[in-house]
Amino acid sequence: METTEILNQFNSCYLKIQAIAQNENWLLLIADKKIEKEAATHVGDVLHYLGEVMGCLEEVVEVKFNQEAE
C-alpha cells in the first residue's frame, strides 16, 4: 500500500468516527447515560490520535512529492 493510500485510509476512518461523534443518537446515548460519558472522551482521543498520525503521514507524502517533482 502506498503512503498516500494509507493517508487516505486514515482520513476515511477519521471522517467516519467524526460522523459518529457528532451523531444525534450517539450524543443522546451519552446524555441519557446509557453509556459511560467516558466513551465520548475515548472517541475524542481516537480522533486526536488519528489526526496526529495523518499529520505525520502528510509530511512523508509532501517530502515524497517534492522529491518526485525534482
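An account of the accompanying structure is given in this report. Being a predicted model, the structure only gives us computed values, none of them experimental.

1. Some thoughts on the overall build of the chain
Part 1: Along the chain, the regular secondary structure elements total three helices and zero strands.
Part 2: The order of α-helices and β-strands along the chain, N terminus first, is α-α-α.
Part 3: What you see for the chain is a C-alpha radius of gyration of 16 Å, clearly larger than the 11 Å of a compact globule of 70 residues, by over 25%.
Part 4: C-alpha extents for the chain along the principal axes are approximately 55 × 15 × 15 Å.
Part 5: In the chain, which comprises 70 residues, the proportion classed as buried is 14%.
Part 6: Residue pairs in contact within the chain that sit at least 24 positions apart in sequence constitute 70% of those at least 6 positions apart.
Part 7: Accessible surface, the chain as shown: approximately 5,600 Å² in total, 55% of it carbon and sulfur.
Part 8: Between the centroid of the 5 positive side chains of the chain and the centroid of its 13 negative side chains there is a distance of 14 Å.

2. Notes on the nonpolar core
Part 1: Among the nonpolar cores identified, the biggest contains five residues, and these are Ala21, Trp26, Ile30, Val43 and Leu47.
Part 2: Breaking this core down by element, the ones donating at least two residues are helix 2 (24-31) and helix 3 (38-69).
Part 3: Discounting residues that sit within four places of it in the chain, Ile30 has contacts with Ile35, Lys37 and Ala40.

3. Description of helix 1 (residues 3-21)
Part 1: Here helix 1 is 19 residues long and its end C-alpha atoms lie 27 Å apart, about the 27 Å a rise of 1.5 Å per residue gives.
Part 2: All of the buried residues along helix 1 are Thr3, Leu7 and Ala21. What you see down the axis of helix 1 is that its buried residues fit within an arc of 45°, all on one side. Facing away from the buried side of helix 1 by over 90 degrees, the exposed positions are Asn8 and Lys16.

What counts as what
Residue numbering note: each chain is counted from 1, following its sequence as written. The predicted nature of this model means local features are confined to residues of pLDDT at least 70 and side-chain atom pairs, given and counted, to a pLDDT of 80 or more, with totals for whole chains, interfaces and linings taken over all residues. Working from all heavy atoms in the structure, the side-chain values ignore hydrogens and water. Put simply, DSSP marks the helices as runs of H or I at least four residues long and the strands as runs of E at least two long, and each gets a number from the N terminus on. C-alpha atoms define the radius of gyration in this analysis, and the globule rule sets the expected value at 2.2 Å times the number of residues to the power 0.38. Three exposure classes are used, based on accessible area relative to the maximum for each residue type with a 1.4 Å probe and protein chains only: buried under 20%, partly exposed in between, and exposed over 50%. For this analysis, residues touch if any pair of their heavy atoms sits within 4.5 Å. Using a 1.4 Å probe, the Shrake-Rupley method yields the accessible areas, and only the shown protein chains count as cover for residues. His residues and chain termini do not enter the charge count, which takes Lys and Arg as positive and Asp and Glu as negative. Every charge is mapped onto a representative atom, which is NZ of Lys, CZ of Arg, CG of Asp or CD of Glu. Here, the term nonpolar core denotes a set of buried Ala, Val, Leu, Ile, Met, Phe, Trp, Tyr and Cys residues that are joined through side-chain atoms within 4.5 Å. An expected span of 1.5 Å times one less than the residue number is assigned to each helix. This arc corresponds to the set of directions leading from the helix axis out to the C-beta atoms.

The analysis is restricted to geometry; functional conclusions fall outside its scope.
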